[in-house]
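If you want the building blocks of each chain, they are given just below.
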Amino acid sequence: MNLEKILAVSGKPGLYALKVQTRTGFVAESLIDGKKITVSLKSNVSLLSEISIYTYDGEKPLTEVMQRIATKENKGQAISHKEDNATLAAYFKQILPDYDEERVYPSDIKKVLSWYNSLQAKGLVTDLAPAAAEAKEEAPVVEEKPKKAPAAKKEPADKKEPAAKKAPAKKAATKKEE
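Owing to the predicted nature of the structure, the values given are computational and were not obtained by experimental measurement. (Residues numbered from 1 in each chain as written. Predicted model: local features only at pLDDT ≥ 70, side-chain atom pairs only at ≥ 80, totals over all residues. Heavy atoms only, no water.)

S.K.: Please explain the pattern of salt bridges as it appears in this structure.
M.R.: Two side chains that carry opposite charge are able to pair once their charged atoms sit near each other. Taken as a whole and judged by the stated rule, the model has 5 salt bridges. Notably, a salt bridge pairs lysine 19 with glutamate 29, separated by 3.3 Å at the nearest N-O pair. In this pair, lysine 19 sits in strand β2 (residues 16–22) while glutamate 29 sits in strand β3 (residues 25–30), placing the two residues 10 residues apart along the sequence. Notably, a salt bridge pairs lysine 93 with glutamate 101, separated by 2.6 Å at the nearest N-O pair. Here lysine 93 falls in the partly exposed class, since its relative accessible area comes to 32%. Since its relative accessible area comes to 44%, glutamate 101 is described here as partly exposed. Here the salt bridges share partners, and the residues they tie into one network are Lys60, Glu64 and Arg68. (Salt bridge = Lys/Arg side-chain N within 4 Å of Asp/Glu carboxyl O. Helix = DSSP H or I, 4+ residues; strand = E, 2+ residues; numbered from the N terminus. Buried < 20%, exposed > 50% of the residue type's maximum accessible area, 1.4 Å probe, protein only.)

The structure is reproduced here in structure tokens:
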């Protein structure tokens, strides 16, 4: 499941797919109705690929949590985010048994389930491994560029050549012949 270009825009319902970056922000397309909106750089925007869920051992990327939901539901719809908090907490405990119950609020669980169901309805829940995990497994080989020699310091023109080596300047005939 690739969440690299999926956005949550603060103040806007649903999820958006990043389409084009512009000078003043970007254009995103709603996954709900397909309408395109422009989002300014001042808007609070979250990439789903950058979101993590707190666990007692650290943090789990949202991509991994979504994969676990997809595995449990056989890539079908998860329970509704409108269920009561106790039902949602019990469901989430099955998905992620070590999630930090003090730091992950019921509203967070509702968002995750709502986002998963939106992605599933659009057919974006796939068998593909998370992009973040692929990047960790195969570290790209970086070729080092040859370093340039340090630039020589520039000296003032009068210090470049000693006086003896300077080409003699043509003297004007100012002396009178004696």
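Following the structure, the description resumes.
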